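# Architecture and fold: a report
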Amino acid sequence: MIERAFVTLAEGQMHLRRIVGTDPGRRPLLLCHASPSSSLGLQGLLRALADGGHRGTIVAPDTLGNGDSVAPAGDHPDIAYFADSKRRLVDALGYDRVDIYGGHTGARIACEFAAAFPERVGRVILDGIMEYDEAMKRLVVENYAPRVVPDEYGRQLIWAFNFVRDQAHYFPYFMRDPGHRLAGAVPDPATLHRATLDVLKALDTYSKPYIAAFEYPAWSRLPKVQAPVLLLRPDAELPVLNAAIETAMARLPRASVARVAPGDAAKAAAIASFLAAETA
């Protein structure tokens, strides 16, 4: 069963979803979601990990500013801030060390968590991490996550749906031309609906983790990660992210790569195999 809970931090309450493990001796696994979603988007991975035999507790918090978590502090928080908020969550839950997974924005948070708090992490799984060049960084920071104000016509409702849908069509989603068209399938309507609700729920703050992720200096922080790292290479990933894996590998002291077929079950199997290797 996936439980829901809140943990109180200095900013207010951080929301989380979790599956309590059957083996209290196993390190907890912390899952960090992508932007602009929440831990709701990780429910499939939570279940797949548990169904696949992972016996430790799995915790998936909503990043501050996303989902049901309170807004982050400050006008321009960086990834170091978001990683520290996860460290404070781990403290509040009473965990000495965790394994950590992150996807996209969550991958930056997981990377920084491992780099900044090496004594608190066992193993690390990064699912889509890169650093953009300065020109692309400026472009996405200025255009990717605009501030949207509700109006009397409800135009924010249509904007949010198109924002979520177009990310499956183009990268960056605001460059809608053949050269930026993606080959992958568009998510089903129910998934688009849930993702749209996540954006609307955090309309005032959804952009803050996004901007922090685009500005994160991943290439200079990866060498600070001393824990074993698994880089996931999903077949359905953005080409630009999969192309960055070799660059990430060259900067990580202890890294391996796993190619992953589409679906939560395949991703969960790769994660479980990596975590089990420590005790083999």
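Structure: see above.
Computed from a predicted model, the values in this text were never measured in an experiment. (Residues numbered from 1 in each chain as written. Predicted model: local features only at pLDDT ≥ 70, side-chain atom pairs only at ≥ 80, totals over all residues. Heavy atoms only, no water.)

### Considerations on the packing of aromatic side chains
Definition in use: Aromatic contacts are taken between Phe, Tyr and Trp rings whose centres are within 6.5 Å, Trp giving its six-membered ring; a plane angle under 30 degrees counts as stacked, one over 60 as edge-to-face, and the others as tilted. Working definition: helices are DSSP H or I runs of at least four residues, strands are E runs of at least two. Numbering for both runs from the N terminus. Buried, partly exposed and exposed residues are distinguished by accessible area as a fraction of the type maximum, computed with a 1.4 Å probe on protein chains only: under 20%, between the cut-offs, and over 50%, respectively. Lysine NZ or arginine CZ positioned within 6 Å of the ring centre and within 35 degrees of the ring normal marks a charge as sitting over the ring.
Inspection of every chain in the model, using the stated rule, returns 17 aromatic pairs. Ring geometry for Tyr-210 versus Phe-214: centroids 5.8 Å apart, planes at 0 degrees, classification stacked. Taken as a pair, Tyr-210 and Phe-214 lie in helix H7 (residues 207-215) at a separation of four residues, close to a single helical turn. Judged on exposure class, the residue Tyr-210 and its partner Phe-214 are both buried. Here the basic side chain of Arg-123 rests over the ring of Phe-274, its NZ or CZ set 4.6 Å away from the ring centre. Taking the ring centre of Tyr-170 as reference, the NZ or CZ of Arg-181 above it sits at 5.6 Å.

### Concerning unusual backbone geometry
With an omega dihedral of 0 degrees, the bond running from Ser-35 to Pro-36 counts as a cis peptide bond. Mapped onto the elements of the fold, Pro-36 is located in the loop between strand S3 (29-32) and helix H1 (43-51). A cis amide bond, omega -15 degrees, links Phe-171 with the succeeding residue Pro-172. For Pro-172, the location among the structural elements is in the loop between helix H5 (155-169) and helix H6 (189-201).

### Here we look at the environment of Arg-26
To keep things clear, this is the line we draw: In what follows, residue pairs with any heavy atoms lying within 4.5 Å of each other are defined as contacts.
Mapping Arg-26 onto the fold places it in the loop between strand S2 (12-19) and S3. When its relative accessible area of 26% is taken as the criterion, Arg-26 is described as partly exposed. As for Arg-26 and Gly-56, which are separated by 30 residues in sequence, their C-alpha atoms are 5.0 Å apart. With sequence-adjacent residues up to four places away left out, Arg-26 is seen in contact with His-54, Arg-55 and Gly-56.

### Some details on the sheet that holds strand S1 (residues 3-9)
To keep it simple, the criterion reads: For two strands to be treated as a pair, DSSP must find at least two bridges joining them. Comment: axis = line fitted to C-alpha atoms, over the contacting stretch for helices; angle = value between 0 and 180 degrees taken between N-to-C directions.
As summarised here, the arrangement of the eight strands in space is S1-S2-S4-S3-S5-S6-S7-S8, forming an open sheet in which the pairing is mixed. Whereas interior strands pair on both sides, the edge strands pair on one side only; in this sheet they are S1 and strand S8 (255-260). On average, each strand axis in the sheet is tilted by 25 degrees relative to the strand beside it, whichever way the strands run. Sheet strands touched by helix H2 (residues 79-93): S1, S2, S3, strand S4 (58-61) and strand S5 (98-103). Its angle to S1, the strand with the most contacts, is close to 105 degrees.

### Overview of the nonpolar core
To keep things clear, this is the line we draw: We call a set of buried Ala, Val, Leu, Ile, Met, Phe, Trp, Tyr and Cys residues a nonpolar core when their side-chain atoms join them within 4.5 Å.
Core analysis: the biggest nonpolar cluster contains 67 residues, and Ile-100, Phe-113, Val-124, Leu-126, Ile-129, Leu-222 and Leu-231 have the highest contact counts within it. The contact partners of Val-124, leaving out residues within four places of it in the chain, are Ile-100, Ala-114, Ala-227, Pro-228, Val-229, Leu-230 and Phe-274. If you look at the next biggest cluster of nonpolar residues, it comprises 22 residues, including Leu-46, Ile-58, Ile-125 and Leu-275.

### Quick notes on the packing of H2 against helix H3 (residues 105-116)
Short version of the rule: Roughly parallel means an angle under 35 degrees; roughly antiparallel, over 145; roughly perpendicular, 65 to 115; everything else is oblique. Any residue that is not Ala, Val, Leu, Ile, Met, Phe, Trp, Tyr, Cys, Pro, Asp, Glu, Lys or Arg is counted as polar, Gly included; the first ten are nonpolar and the last four charged.
Relative orientation of the contacting elements H2 and H3 amounts to 70 degrees, with a least axis distance of 8 Å. Here H2 lies roughly perpendicular to H3, going by the angle between them. Contact with H2, carried on its side by Ile-79, Ala-80, Phe-82, Ala-83, Lys-86, Arg-87 and Val-90, involves Arg-108, Ile-109, Glu-112 and Phe-113 of H3 and no other residues of that element. Considering only residue class, the contact of H2 with H3 consists of seven nonpolar, no polar and four charged.

### A few points about the pairing of S4
The alternating pattern of S4 places Ile-58 and Ala-60 and Val-59 and Pro-61 on opposite faces, both of which are buried. Of the strand pairs in this sheet, S2 and S4 are connected by four bridges, and their pairing is antiparallel. Its bridge partner being in S4, Ile-19 is matched across the sheet by Ile-58. Two elements, S3 and S4, share two bridges in a ladder whose sense is parallel.

### Things to note about H2
Short version of the rule: By this rule the span expected of a helix is its residue count minus one, scaled by 1.5 Å.
Given a rise of 1.5 Å per residue, 15 residues ought to cover 21 Å, and the 21 Å separating the end C-alpha atoms of H2 matches this to within 8%. If you check which residues of H2 are buried, you get Ile-79, Tyr-81, Phe-82, Ala-83, Ser-85, Lys-86, Arg-88, Leu-89, Val-90 and Leu-93. Just downstream of H2 lies Gly-94, where phi reads positive at about 80 degrees.

### Some thoughts on the side chain of Asp-198
Along the chain, the position of Asp-198 falls in helix H6. If we skip the residues at most four places from it in the chain, Asp-198 touches Pro-36, Ser-37, Ser-38, Leu-40 and Gly-67.

### Some remarks on the pattern of salt bridges
Heads up, the rule is: Basic side-chain nitrogens of Lys or Arg form a salt bridge, by our definition, when they fall within 4 Å of a carboxyl oxygen of Asp or Glu.
Per the stated rule, a full pass over the model turns up 17 salt bridges. The partner of Glu-11 in a salt bridge is Arg-88, and the shortest N-O contact between them spans 2.7 Å. Taken together, the residues Glu-11 in the loop between S1 and S2 and Arg-88 in helix H2 connect sequence positions 77 residues apart. Residue Arg-88 is classed as buried on the basis of its relative accessible area, which comes to 17%.

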